[in-house]
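Architecture at a glance
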Amino acid sequence: MRPPALSMRRPAGLVIAAVLLLSGCTSAPAADPVATPTATPSATTTPTPTPPAPAAGVVAFGGDCANVLTEEQVEEILGAGALPFSEWMANYDPDYRAPASSPLERAGGIDCRWMAADDAEGLPEGVTQIGILAMPTDAAGGEEVALLADARCDPQYDATNCRLGRTSGATWVMARVGAYIETPPDELLVAALDAAEANLAEYPAPVAATREASWWAIRDCDELGEAIDLADFLGPDYRSGYWEGSPQHENFLLEAAGVGQFCQWSSDSSAIPEGEEHYIVSLTLEPGGHWRWTDLAADNRLPADVRGAKDAIRFSTAETDRIASGTTWATDGINVLQVGVEGGHVDVRIAERVLAEMG
């Protein structure tokens, strides 16, 4: 279920192979006055089963953001000097490492972003970036597809993202612009969708990966918090939902596709006795997400001892006068979870409870 803070087929082709079955003809010896009847040739058609979808799926646009929009198209939309987000981010943080994978890929999806130059001209007021998300229409979920058929803007912390979606054959494409906007910049959204759609035909249609029975199911965040007894850590009056900000349509798309979920809970600061810990807990679930483990473990994270996990890694900040934090990633060999805790180092213990609950 969605947090209360905010309420986002490919038709399979059937190939028929016609097989002509011919019977042989035989005749009696000449001395036999009665000729043996000739077998009548017959023809039958045998349907060939529709080939199954690739187990790993097919990612939209060949899985490369450079295929979604060309450099020329990006500059036509955002102006000269626009950059892919990873390049733009590297200018501010030389140590930044762009993730090599995304849980959306399991749903056959791709999500790309480009940033306008600081001195870009001619953009609608407040527009600093543009994004394109594409995925199989049947994986996106009817609710989000319908909701984003008309342009709309939604808050994201202290900024705003405006979105517009469009179905193109078996692919659903969404354009997203931000970040300080009051009304949807319709022309810009449509221009971005037109440009991306023009490139679609060059690549195979996206297909979601085959879901396995061993993948975790999407859970209601309130119910999951109770199931793992979060009150043991956060106090009996803990809050379920975002500490600040609100869930985004991208979160709902991951849930609809069954490949990702985000939950957040926090202590009720007014009910925590003086001197006791106040925590903010963030949980990300990735059903079938073990394929990303090498990418997740690529940074300088240390091995962790998490009961019930096949593998686990962890990153933490040292205790200071401010806020200590810890983040644990754990996998059962098929699924992946991430638990981040602001306020203390109880992430390992919570990760163990989630693993046990999810089975």
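Conventions we followed
Residues numbered from 1 in each chain as written. Predicted model: local features only at pLDDT ≥ 70, side-chain atom pairs only at ≥ 80, totals over all residues. Heavy atoms only, no water. pLDDT = per-residue confidence, 0-100. Contact = heavy atoms within 4.5 Å. Pairing = 2+ DSSP bridges. Helix = DSSP H or I, 4+ residues; strand = E, 2+ residues; numbered from the N terminus. Axes fitted to C-alpha atoms, helices over the stretch in contact; angles between N-to-C directions. Core = buried A, V, L, I, M, F, W, Y, C linked by side-chain atoms within 4.5 Å. Buried < 20%, exposed > 50% of the residue type's maximum accessible area, 1.4 Å probe, protein only. Expected span 1.5 Å × (residues − 1). Arc of directions from axis to C-beta. Disulfide = S-S within 2.5 Å. Salt bridge = Lys/Arg side-chain N within 4 Å of Asp/Glu carboxyl O. Patch = residues over 30% accessible without salt bridge, like charges linked within 9 Å, V, L, I, M, F, W, Y side chains within 5 Å. Areas by Shrake-Rupley, 256 points an atom, 1.4 Å probe, with all protein chains shown as cover. Lys, Arg positive; Asp, Glu negative; His and termini not counted. Charge placed at Lys NZ, Arg CZ, Asp CG, Glu CD. Phe/Tyr/Trp six-rings, centres within 6.5 Å; stacked < 30°, edge-to-face > 60°. Lys NZ or Arg CZ within 6 Å of the ring centre and 35° of its normal.

**Brief notes about the confidence of the model for the protein**
The predicted model of the protein averages 84 in pLDDT, with 81% of residues at 70 or higher. Below pLDDT 50 for its whole length, residues 1–53 participates in 63 contacts with residues either more than four positions away or in separate chains.

**Here's the deal with the sheet that holds strand 12 (residues 302–303)**
Overall, antiparallel pairing links the seven strands, which are arranged 9-10-11-15-14-13-12 in an open sheet. Lying at the two open borders of the sheet, with one neighbouring strand each, are strand 9 (239–240) and strand 12. Two elements, strand 10 (residues 261–266) and strand 11 (residues 280–286), share six bridges in a ladder whose sense is antiparallel. Within strand 11, the residue paired with Gln261 across the bridge is Leu285. Packed onto the sheet, helix 11 (residues 347–358) meets strand 11, strand 13 (311–316), strand 14 (325–331) and strand 15 (336–342) and runs at close to 145 degrees relative to strand 15.

**A few points about unusual backbone geometry**
Residues other than glycine predominantly adopt negative phi, and peptide bonds predominantly adopt the trans conformation. For the bond from Gly178 to Ala179, the omega torsion is 25 degrees, close enough to zero to count as cis. Structurally, Ala179 can be placed in strand 8 (residues 171–179). For Phe61, which is not a glycine, the phi torsion comes out positive at approximately 55 degrees. Here the phi dihedral of Tyr157 falls at roughly 55 degrees; this positive angle occurs in a residue that is not glycine. Note that Tyr157 resides in the loop between strand 6 (152–156) and strand 7 (159–168).

**Some details on the nonpolar core**
Soluble globular proteins tend to pack their nonpolar side chains together in the buried interior. In terms of nonpolar packing, the biggest core is built from 31 residues, with Val68, Leu69, Leu78, Trp114 and Ile132 touching the most fellow members. Considering every element that reaches this core, the biggest residue donor is helix 6 (residues 186–200), with seven residues. Dropping the residues within four chain positions of it, Trp114 is found in contact with Cys65, Val68, Leu69, Val74, Leu78, Leu83, Pro84, Phe85, Gln129, Ile130 and Ile132. The next biggest cluster of nonpolar side chains, apart from the first, holds 27 residues, and it includes Cys221, Val281, Ala312 and Leu355.

**What about helix 6?**
Its 15 residues place the ends of helix 6 21 Å apart at the C-alpha level, agreeing with the 21 Å of an ideal helix rising 1.5 Å per residue. Listed as buried for helix 6 are Leu188, Leu189, Ala192, Leu193, Ala195, Ala196, Asn199 and Leu200. Here the buried residues of helix 6 occupy an arc of 160 degrees about the axis, which is enough to place them on one side. Of the residues in helix 6, the exposed ones pointing more than 90 degrees away from the buried face are Glu187 and Ala198. Each element contacted by the buried residues of helix 6 is listed here: helix 1 (65–68), helix 2 (71–78), strand 5 (127–136), strand 7 and strand 8.

**As for the state of the cysteines**
Under the counting rule described, the total for this entry stands at three disulfides. Here Cys153 engages in a disulfide with Cys162; their sulfurs sit 2.0 Å apart. Judged by the torsion about the S-S bond (100 degrees), the Cys153/Cys162 disulfide is right-handed. Here Cys153 falls in the partly exposed class, since its relative accessible area comes to 24%. For Cys162, a relative accessible area of 0% corresponds to the buried category.

**Thoughts on the pairing of strand 5**
Judged by how many residues are buried, strand 5 sits mostly within the fold: nine of 10 residues are covered. Note that strand 4 (residues 110–115) and strand 5 share six bridges and pair antiparallel. Bridge pairing links Asp111 to Leu133 in strand 5.

**Brief notes about the pattern of salt bridges**
For side chains of opposite charge, pairing can occur when their charged atoms come near one another. For the structure shown, the criterion picks out 13 salt bridges. Between Asp295 and Arg97 there is a salt bridge, with its nearest N and O atoms 2.9 Å apart. Here Asp295, found in helix 10 (residues 293–296), pairs with Arg97, found in the loop between helix 3 (85–92) and strand 4; they are 198 residues apart in sequence, far enough to count as distant. A relative accessible area of 12% places Asp295 in the buried class. Taking the relative accessible area as the measure of exposure, Arg97 reaches 34% and is therefore partly exposed. Ionic pairing is found between Asp232 and Arg353, a salt bridge with its closest N-O pair at 2.9 Å. Taken together, the residues Asp232 in helix 8 (residues 231–234) and Arg353 in helix 11 connect sequence positions 121 residues apart. Accessibility expressed as a relative area gives 54% for Asp232, which makes it exposed.

**Some thoughts on a negative patch on the surface**
Judged by side-chain charge, Glu71, Glu72, Glu75, Glu76 and Glu87 come together as a negatively charged surface patch. The element that contributes the greatest number of residues to the negative patch is helix 2, accounting for four residues. Using a relative accessible area of 68% as the deciding quantity, one classes Glu76 as exposed.

**Let's talk about the packing of aromatic side chains**
Summed over the entire model, instances satisfying the criterion amount to five aromatic pairs. Relative to Tyr92, the ring of Trp88 has its centre 4.8 Å away and its plane inclined at 50 degrees; by these criteria the two rings are tilted. You can see Trp88 and its partner Tyr92 sitting in helix 3, four residues apart, about one turn around the helix. The positively charged end of Arg113 is found above the aromatic ring belonging to Phe85, 3.8 Å away from the centroid. It is Arg301 that lies over the ring of Trp329; its NZ or CZ is 3.9 Å from the centre.

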